[in-house]
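Geometric and topological summary
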Amino acid sequence: SQKIEQNSEALNIQEGKTATLTCNYTNYSPAYLQWYRQDPGRGPVFLLLIRENEKEKRKERLKVTFDTTLKQSLFHITASQPADSATYLCALDLRDDKIIFGKGTRLHILP
Amino acid sequence: DVKVTQSSRYLVKRTGEKVFLECVQDMDHENMFWYRQDPGLGLRLIYFSYDVKMKEKGDIPEGYSVSREKKERFSLILESASTNQTSMYLCASRSGSSYNEQFFGPGTRLTVL
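Residues numbered from 1 in each chain as written. Chains lettered and ligands numbered in written order. Predicted model: local features only at pLDDT ≥ 70, side-chain atom pairs only at ≥ 80, totals over all residues. Heavy atoms only, no water.

A few points about the sheet that holds strand β1 (residues 4-6) of chain B
In a beta sheet, neighbouring strands pair by backbone hydrogen bonds and run either parallel or antiparallel. Residue and element names in this part refer to chain B. Pairing is antiparallel across the open sheet formed by four strands, whose spatial order is β1-β3-β8-β7. Each edge of the open sheet carries a strand with a single partner, namely β1 and β7 (65-70). Going from strand to strand, the sheet's axes swing by 20° on average, the running direction of each strand aside. Judged from the four bridges that link them, β7 and strand β8 (residues 73-78) form a sheet pairing that is antiparallel. Considered in β8, the bridge of V66 is made with L76. (Pairing = 2+ DSSP bridges. Helix = DSSP H or I, 4+ residues; strand = E, 2+ residues; numbered from the N terminus. Axes fitted to C-alpha atoms, helices over the stretch in contact; angles between N-to-C directions.)

A word on the interface of chain B and chain A
Across the boundary between the two partners, chain B contributes 22 residues, which contact 22 residues of chain A. Among the residues of chain B in contact with chain A, L43, Y99 and E101 of chain B are the three that bury the most area, contributing 32% of the side total. Here chain B is connected to chain A by two salt bridges. R94 of chain B is the partner of D93 of chain A in a salt bridge, and the nearest nitrogen-oxygen pair spans 2.8 Å. At the boundary of chain B with chain A, the tally comes to seven residue pairs in polar contact (both at pLDDT 80 or more). For the side of chain B that touches chain A, the secondary structure elements donating two or more residues are β4 (31-38), β5 (42-51) and β9 (87-94) of chain B. The element that contributes the greatest number of residues to the side of chain B that touches chain A is β5 of chain B, accounting for five residues. (Contact = heavy atoms within 4.5 Å. Buried area = accessible area lost by both parts, 1.4 Å probe. Salt bridge = Lys/Arg side-chain N within 4 Å of Asp/Glu carboxyl O. Polar contact = N/O pair within 3.5 Å; in protein donor to acceptor, adjacent residues only side chain to side chain.)

Observations regarding the environment of L90 of chain B
For L90 of chain B, the position within the fold is in strand β9. Separated by 44 residues in sequence, L90 of chain B and I46 of chain B place their C-alpha atoms 10 Å apart.

A look at the state of the cysteines
All names here are of chain A. By the definition in use, this model includes two disulfides over all chains. Across the disulfide from C23 sits C90; the S-S distance is 2.0 Å. Looking along the S-S bond of the C23-C90 disulfide, the torsion reads about 60°, which is the right-handed sense. Linking C23 in strand β3 (residues 19-26) with C90 in strand β9 (residues 86-93), this pair joins segments that are 67 residues apart in sequence. Assessed through its relative accessible area of 0%, C23 is described here as buried. On the basis of relative accessible area, C90 is assigned to the buried category, the value being 0%. (Disulfide = S-S within 2.5 Å. Buried < 20%, exposed > 50% of the residue type's maximum accessible area, 1.4 Å probe, protein only.)

Some words on the pattern of salt bridges
All told, the structure shown has 16 salt bridges over all chains when counted by the stated rule. Note that E54 of chain A is salt-bridged to R51 of chain A, the shortest N-O span being 3.9 Å. The salt bridge involving K53 of chain B is made with E69 of chain B; its shortest N-O contact spans 2.4 Å. Here E69 of chain B lies in strand β7 and K53 of chain B lies in the loop between β5 and β6 (54-57), a separation of 16 residues in the sequence. E69 of chain B matches K53 of chain B in its accessibility class, with the two residues each being exposed. Within the structure, one salt-bridge network assembled from shared partners comprises R51, E54 and K57 of chain A.

Quick notes on the side chain of H76 of chain A
Residues and elements named next belong to chain A. Summarising the element assignment, H76 is placed in strand β8 (residues 72-77). Its relative accessible area of 14% is what places H76 among the buried residues. With sequence-adjacent residues up to four places away left out, H76 is seen in contact with T18, A19, T20, R61, L62 and K63.

Have a look at this one:
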């Protein structure tokens, strides 16, 4: 069956450390993979997109990797801050215009 | 500044009522999407549309229909609301020219009593 899984429901990280979130999928062949941030009571906001032929993408303190052999993406936030606390969603961008989301990981950055 | 708006932030309806959720985008996007979001289940795709009058079923279309008469507007219809349709409903749009980010609206929290 097709699945998209994010490693944990919640993650606590000390301020200043690197937070690493995992997204694994099975039986999909995404063209792209996207990461979104969602704050309570709001819609998700796009952060980064990585193509199937890219290994790594960076944007300021954010880094995303994409391994199509392992069917896995890692999302890193370096020098984490309390303001980074939110739910982070990975999304598979499929070839038929559909986008499928993981359930998200709630990240708490502890001061 | 790009914008996706939804007709209501909060809505309370009774079982059996017909419910309309409206979504408007001002970015001339081809693709529009309706999701529902529930604790522990994440965002699930109900329907999407890649052009005016075109629609495709998502993963959970049962109990819902959609309408796209104009490019900027995508409506979600609950023909006869039921309590298990109590949820947060999120609309999104994106350009259809290539794989791109989605822009989400603020969401409508629907409660069916």
